[in-house]
Amino acid sequence: MNMWWIYALLSALFAALTAIFAKLGIKGVDTDLATAIRTAVILVIAWGIAFFRGGVSTISTLSRENLLFLTLSGMATGLSWIFYFKALQLGKVSQVAPVDKLSVALAILLSVLFLGEALTWKTGVGAFLIIAGTLVLIL
């Protein structure tokens, strides 16, 4: 079995736990403050892992393009988290989480448009089913 599959399943598990823990943690809390706390925790963990596994030693190999796109990715992540927490505070996890996962279908579309990835029938049907499933869950 390819390791990407195990990592992807772990990602899905922790993303699901994120929604549950976040919903419990934002009761009566400003969502921007909640996002800041969450980000600080992630910052400590991510830098700790980078130091522990030796990734920091390769920091000098980053190009301007690497830094630009990693910065843009970080900005997109931050905005995603801010809107996600606000949505969780106002809505049900069972509705917010599926809408959030529309990011999968959007990522497929954007990967075709901007990265030149092929849109196979299987990928297209999968994206359509994600969209249809989301609509079933939220309507």
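On a predicted model such as this, the values are computed, not experimentally measured, just so you know. (Residues numbered from 1 in each chain as written. Predicted model: local features only at pLDDT ≥ 70, side-chain atom pairs only at ≥ 80, totals over all residues. Heavy atoms only, no water.)

### Section: the environment of Ala19
Tracing the backbone shows Ala19 in helix α1 (residues 3–25). Residues Ala19 and Lys92 lie 73 residues apart in sequence; the distance between their C-alpha atoms is 9.9 Å. Setting aside chain neighbours within four positions, we find Ala19 in contact with Tyr84, Leu88 and Val93. (Helix = DSSP H or I, 4+ residues; strand = E, 2+ residues; numbered from the N terminus. Contact = heavy atoms within 4.5 Å.)

### Concerning the side chain of Ser111
Among the secondary structure elements, Ser111 is positioned in helix α5 (residues 102–115). Not counting chain neighbours up to four residues away, the residues in contact with Ser111 comprise Gly116 and Glu117.

### Section: the pattern of salt bridges
Tallying each qualifying case throughout the model produces 1 salt bridge. The partner of Asp100 in a salt bridge is Lys101, with the nearest N and O atoms 3.3 Å apart. Look at Lys101 and you get partly exposed, because its relative accessible area is 38%. (Salt bridge = Lys/Arg side-chain N within 4 Å of Asp/Glu carboxyl O. Buried < 20%, exposed > 50% of the residue type's maximum accessible area, 1.4 Å probe, protein only.)

### Overview of the packing of aromatic side chains
Under the criterion given, the structure shown has 3 aromatic pairs. When the centroid spacing of 5.5 Å and the interplanar angle of 80° are considered together, the rings of Trp4 and Trp5 count as edge-to-face. Using a relative accessible area of 54% as the deciding quantity, one classes Trp4 as exposed. Classification of Trp5 as partly exposed rests on a relative accessible area of 39%. Ring geometry for Trp47 against Phe51: centres 5.9 Å apart, planes inclined by 40°, an arrangement best described as tilted. With a gap of 4 residues between them, Trp47 and Phe51 both fall in helix α2 (residues 31–52), about one helical turn apart. In this structure Phe51 comes out as exposed when scored by relative accessible area, which is 58%. (Phe/Tyr/Trp six-rings, centres within 6.5 Å; stacked < 30°, edge-to-face > 60°.)

### A few points about the packing of helix α3 (residues 64–90) against helix α4 (residues 93–100)
In a packed pair of helices, the relevant descriptors are the angle between the two axes and the axis-to-axis distance. The contact between α3 and α4 brings their axes to 9 Å, and the two run at 155°. It follows that α3 is roughly antiparallel to α4 by the angle criterion. As for the relative orientation of α3 and α4, their crossing is right-handed in sense. On α4, the residues touching Ser80, Tyr84, Ala87 and Leu88 of α3 are Val93, Val96 and Asp100. Of the residues belonging to the contact of α3 with α4, the class tally is 5 nonpolar, 1 polar and 1 charged. (Axes fitted to C-alpha atoms, helices over the stretch in contact; angles between N-to-C directions. Parallel < 35°, antiparallel > 145°, perpendicular 65-115°, else oblique. Left-handed = near helix turned anticlockwise from the far one by under 90°. Nonpolar A, V, L, I, M, F, W, Y, C, P; charged D, E, K, R; others polar.)

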